[in-house]
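# Architecture at a glance
The primary structure of each chain is shown beneath.
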Amino acid sequence: MEKGHPMKEKHFMKEKHFMKEKHFMKDSYPMKKFSRKNLKAIQAIVQEKTGAAIIPDRKPAGHKIRQMALLTGSLLCFVILCAFAYAKFSDLNGDVAGFASAYQGDGRFEIVIINESDKELELQDKVKVMQWSTSKEAEGDSGKIRMSGLTIAPHSQGVVSIDISEGYDVKAMEENLPEGDWYYFVLTNNNFAFGQDWMCAFDFKIEQTDDVMDRASDFMEQMAEGQRTDENRYGTGELAFTDWNWPTVSRDVSGLYGIRENGNYSDHVNIAGTAGDEIYAVADGVVLEAAFESSSGNFIVVDLGDGVSVKYGYLKEIKVSEGEEIKKGQVIATMGQTGTATGPNLLFAVSINGEEINPFVE
C-alpha cells in the first residue's frame, strides 16, 4: 500500500461552534476499604437526591457492623438513583443540541442553545470552566458562578446566562491564554455524576447574542445538510487498506476526513451506529494505548506494523488492554458517546509514521 499523506499540514483549529458531550467517564476502583470521608460523601449524595437525612454512627459497641450496614444501604440507594437518573436523562442520547457562546464583557456570557430533540433540556445551575490544551479546570472558584435560564423546551432556541466574574480573574484568563488554545464551559443536566454533559467553547471577543443565534442556526442547518451529503457520497465507505476488516456493525459514515462542510479540519472519520455495537480490529496488531481523554473519550491505539497505527475513539467499553496482541475481526470495544461525540459513533483515525492519513479511498 502506498503511504500517501493527503493532509501534511497539521494544525489546531479553534472550534467556535458547539459540541454535546455525553459523559465524562470516571475510573472505577475495587471497593476494598472505605474511609469515613468516603462514607460521608456517599451519605451527602443520597441526602441531596432523596431529601432523607442519614444519621451517622456514634461508634458504640458493634459500630463496625452498623457502619457496614449503613454503607451497604447507601450504596444501594446510590445505585437506584443512578439507574433512575439514567432512565430519565438518557432519552436525549443521539438527539441534536447546539451550544454557542456570546461574550457580553466583564465575565458575562450568554450561551445560545438550540434544542432539536423531543425532550425538554433542563440544565443544572453548575458549570465547569475548562482549558482545552490541558483538559483541566481553569483556576478559580466554580461555586461562585451565577447562572439563569436553564430550561430549553423541545424544538426551540433559548439562552442561558453565565457570569464567572465573581469566581475568576477574567483579565488574567484572557492574557495568559496561549495562542491557539481556548476555554470551554461544561454544562450538565445532572451534577456531572450521570446523565449528559455538553461543552461550549468560548473566548473574550464581545459579540451580540442575536448574531451568535443566527450563526448557530446556520451551522446546525449546515451540519444536518453535511451529514446528508456525507451519507449520499460515502454511505458505505471504502477503506484505504483493502485487506482490512470494516471496524463497526454499521456502515453509516457520518463524518469525513479533511475539511468538512462546516469549514473545520478533521484528522479522522466518524462512523455512526448504536451505543453498545461491537467494534472490530481492522487487522492484526498490538495495543499501544487504551485510555481516556477529553476529546476522544475512551480510546484505543493499535500498532499494525510498518509504521501504521489505528485509533478507535468515543468508545463505551474497552475490551482489550495495553500490550495485548489482537487479531483481525476481534471484538476490541463497544460503540459509545464519550469525549466530544455528539451521538453514538466511532472515531476512526489512521496514521503512518505519526502523520494522519485519510482512512478511506479518495
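Values in this document were obtained by computation on a predicted structure and should not be read as measured data. (Residues numbered from 1 in each chain as written. Predicted model: local features only at pLDDT ≥ 70, side-chain atom pairs only at ≥ 80, totals over all residues. Heavy atoms only, no water.)

### Regarding the overall build of the protein chain
Assigned secondary structure in the protein chain consists of 4 helices and 23 strands. Here the protein chain holds 362 residues, and the buried ones make up 45% of them. In the protein chain, 66% of the contacts between residues at least 6 apart in sequence involve partners at least 24 apart. (Helix = DSSP H or I, 4+ residues; strand = E, 2+ residues; numbered from the N terminus. Buried < 20%, exposed > 50% of the residue type's maximum accessible area, 1.4 Å probe, protein only. Contact = heavy atoms within 4.5 Å.)

### Some details on unusual backbone geometry
Of all residues except glycine, most have a negative phi; of all peptide bonds, most are trans. Located in the positive-phi region is aspartate 106, a residue other than glycine, with phi close to 55°. Mapped onto the elements, aspartate 106 comes out in the loop between strand E2 (97-105) and strand E3 (108-115). Phi is positive for aspartate 306, which is not a glycine, with a value near 55°. Checked against the element boundaries, aspartate 306 lands in the loop between strand E18 (297-305) and strand E19 (308-318). Judged by its relative accessible area of 68%, aspartate 306 is exposed.

### Here's the deal with the sheet that holds strand E9 (residues 156-163)
Read across the open sheet, the 4 strands follow the order E2-E3-E9-E7; overall the sheet is antiparallel. Single-partner strands in this sheet number two, and they are E2 and strand E7 (146-148). Sheet twist, expressed as the average angle between the axes of neighbouring strands with direction ignored, equals 20°. (Pairing = 2+ DSSP bridges. Axes fitted to C-alpha atoms, helices over the stretch in contact; angles between N-to-C directions.)

### Description of the pattern of salt bridges
Oppositely charged side chains may form a pair once their charged atoms are brought near each other. By the definition in use, this model includes 5 salt bridges. Note that lysine 126 and aspartate 125 form a salt bridge whose closest N and O atoms lie 4.0 Å from each other. You can call aspartate 125 partly exposed: its relative accessible area is 48%. Three or more residues joined by partner-sharing salt bridges are found here, namely Arg146, Asp163 and Glu166. (Salt bridge = Lys/Arg side-chain N within 4 Å of Asp/Glu carboxyl O.)

### Description of the confidence of the model for the protein chain
Interpretation of this model should avoid reading the predicted coordinates in detail wherever pLDDT is low. Residues of the protein chain with pLDDT of at least 70 account for 64%, and the chain-wide mean is 75. Residue range residues 80-95 is modelled with pLDDT below 50. Its contacts to residues more than four positions away, or to other chains, number 31 contacts. The model gives residues 227-235 a pLDDT under 50, and that stretch makes 16 contacts with residues more than four places away or in other chains. (pLDDT = per-residue confidence, 0-100.)

### So, the environment of aspartate 211
Considering the arrangement of structural elements, one finds aspartate 211 in helix H4 (residues 209-233). Its relative accessible area of 46% is what places aspartate 211 among the partly exposed residues. For aspartate 211 and alanine 102, which are 109 residues apart along the polypeptide, the C-alpha to C-alpha distance reads 8.6 Å.

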